[in-house]
Amino acid sequence: MPDTVPAYRRDLYSRAAILDPHPHYARLRDLGPVVRLPRRGYALPRYVECRAVLRDHDTFVSGAGVALNPVTNRMSRNTTLGSDGTDHRRRRTLLAHRMLPRALRTIQEAVQRRAAETVEAALRAGTVDGVALAAALPLSIVPDLVGWPRDGREHLLDWAAATFDALGPLNGRGLRTAGANLAMLRYTRALVRDRALLPGSAGADVLLAADAGEISPAEATALMIDYLAPSLDTTIGALSAALHLFATHPGQWAALRANPGLVPNAVNEAIRYESPIRGFTRTVRRPAEIAGTPLPAGAKVLVLYASANRDPREWDDPDTFDIHRDASRQLGFGYGRHGCAGQALARLEAGAVLTALAERVTRIELAGEPEWLRNNVIRRHARLPLRLVP
Ligand code: HEM
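Our subject in this report is the structure included herewith. Fair warning: this is a prediction, and the values are worked out from it, not measured in the lab. (Residues numbered from 1 in each chain as written. Predicted model: local features only at pLDDT ≥ 70, side-chain atom pairs only at ≥ 80, totals over all residues. Heavy atoms only, no water.)

**Here we look at the sheet that holds strand β12 (residues 385-389)**
This is how the line gets drawn: By the convention used here, strands pair only if DSSP detects at least 2 bridges between them. Secondary structure elements follow DSSP: runs of H or I no shorter than four residues count as helices, runs of E no shorter than two count as strands, and numbering proceeds from the N terminus. Axis definition: a line fit to C-alpha positions, over the contact stretch in the case of helices; interaxial angles, taken between N-to-C directions, run 0 to 180 degrees. Contacts are assigned to residue pairs with any non-hydrogen atoms lying within 4.5 Å of each other.
Pairing is antiparallel across the open sheet formed by 3 strands, whose spatial order is β4-β12-β9. For this open sheet the edge positions go to β4 (127-129) and β9 (363-366), each flanked by a neighbour on one side alone. Across this sheet, the average inter-strand angle for adjacent strands is 35 degrees, counted without regard to direction. Where β4 meets β12, 3 bridges bridge the pair, whose relative direction is antiparallel. Each residue of the ladder has a partner; that of T127, found in β12, is R387. Strands in contact with helix α7 (residues 130-146) are β4 and β12; relative to β4, the strand with the most contacts, it is inclined by about 65 degrees. Contacts from helix α12 (residues 217-248) reach β9 and β12, with the element oriented near 95 degrees to β9.

**Here we look at the sheet that holds strand β3 (residues 60-61)**
Where strands meet in a sheet, backbone hydrogen bonds hold them as pairs that are either parallel or antiparallel. What the 5 strands build is an open sheet, ordered β1-β2-β8-β5-β3; its pairing is mixed. Across the chains shown, the open sheet's two edge strands, defined by having one partner strand only, are β1 (35-37) and β3. Pairing of strand β2 (residues 41-44) with strand β8 (residues 300-303), which is carried by 3 bridges, proceeds in the parallel orientation. By the bridge assignment for β8, Y42 is matched with V301.

**Description of the coordination of the iron atom of the ligand**
What counts is decided by this rule: Note that water is not among the atoms used; donors are N, O and S atoms within 2.8 Å of the metal (3.2 Å for Na, K and Ca), so sites may look incomplete.
Within the protein, just one atom coordinates the iron atom of the ligand: C340 (SG), at a distance of 2.3 Å. With respect to the element layout, C340 can be found in the loop between α15 (305-308) and α16 (343-360).

Structure representation (structure tokens):
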């Protein structure tokens, strides 16, 4: 029965565990395939169970929210991320087609050009913050795609970080985000009310669907946030993690420069190694069993993508960063019906910057002590001083 399930009493959301999560994941994986987190529910730290639960979206549902607290779960009822069945399909279809590789072909050249300009500017500066370098593309591409007006963009990164903090438990960090989350909601509602989205954008499509009665005004607001909030910090996290890894693994950088065809592998491997989203929750809809552990209906299950991606049962030498390995089955983008709708865009942006760097930069070196962001759900650097050697 559930109380025989091993428990992990350390707080995964403490400051120390956020800054250095991997030893915690290793202990969780050693405890078993299902581990009880007191006051939070169950956690899945191993690859096979994470993948199986993400695949079984009828039993392990998202419609009760994917956050680790009831307040955010209530507020995210109209999102793609927090819905099931036909609601989910309708919301996802409305926007996801714009993020498919075919649709992105039209912006591919612009992305590559912007990546080249960003890298040239970074090289002129010599010493740069890798986070700013990683943020340049997402911050210029995604808001245009979503149709966010030019004024108001200065808040986007703070709001995105607040959204991810709020997807964790209601600890101090989660509670402190209330102001930012409310400001984002208010701003987005005003955008929908004033029809202030850029013409021809994904956001403008949402307004048309609302006009046609296909979605409600509340859904329209939620969908704007849906495509903006998860698209910035995540991509920035993946790319800055890659930069950090290449700075600390010069042999891997030399290998990438010698064979730029490895760029897609490198993106997968960086996301496997430092998954930008540590985990999201599912709710058990009917009594179920995971790896022999019975779980009651209503139980919350935290799918730890970040831990699954370092599971030695699945990966050889999981703590080694190796761009030659095939990491395409990593779970950093999720998997199954809710698998990341924006992954082609994220891959395009991260790949373009790595390619532009590989063409021009012989060595990436650390120029100071990196700092990780303190956030309940997102894992990315807050600061990453780098020297780029032409
Ligand atoms: C490296 C960058 C990214 C990572 C690591 C990432 C990660 C994820 C993960 C783990 C999920 C699955 C959620 C679940 O299992 O419940 C997800 C879903 C989603 N992502 Fe991403 N994401 C990234 C970039 C983006 C971008 C660029 C966009 C949009 C432009 C985006 C939009 C979405 C949306 C809309 C969903 C919800 C899909 C659904 O519920 O059907 N993401 N992402």
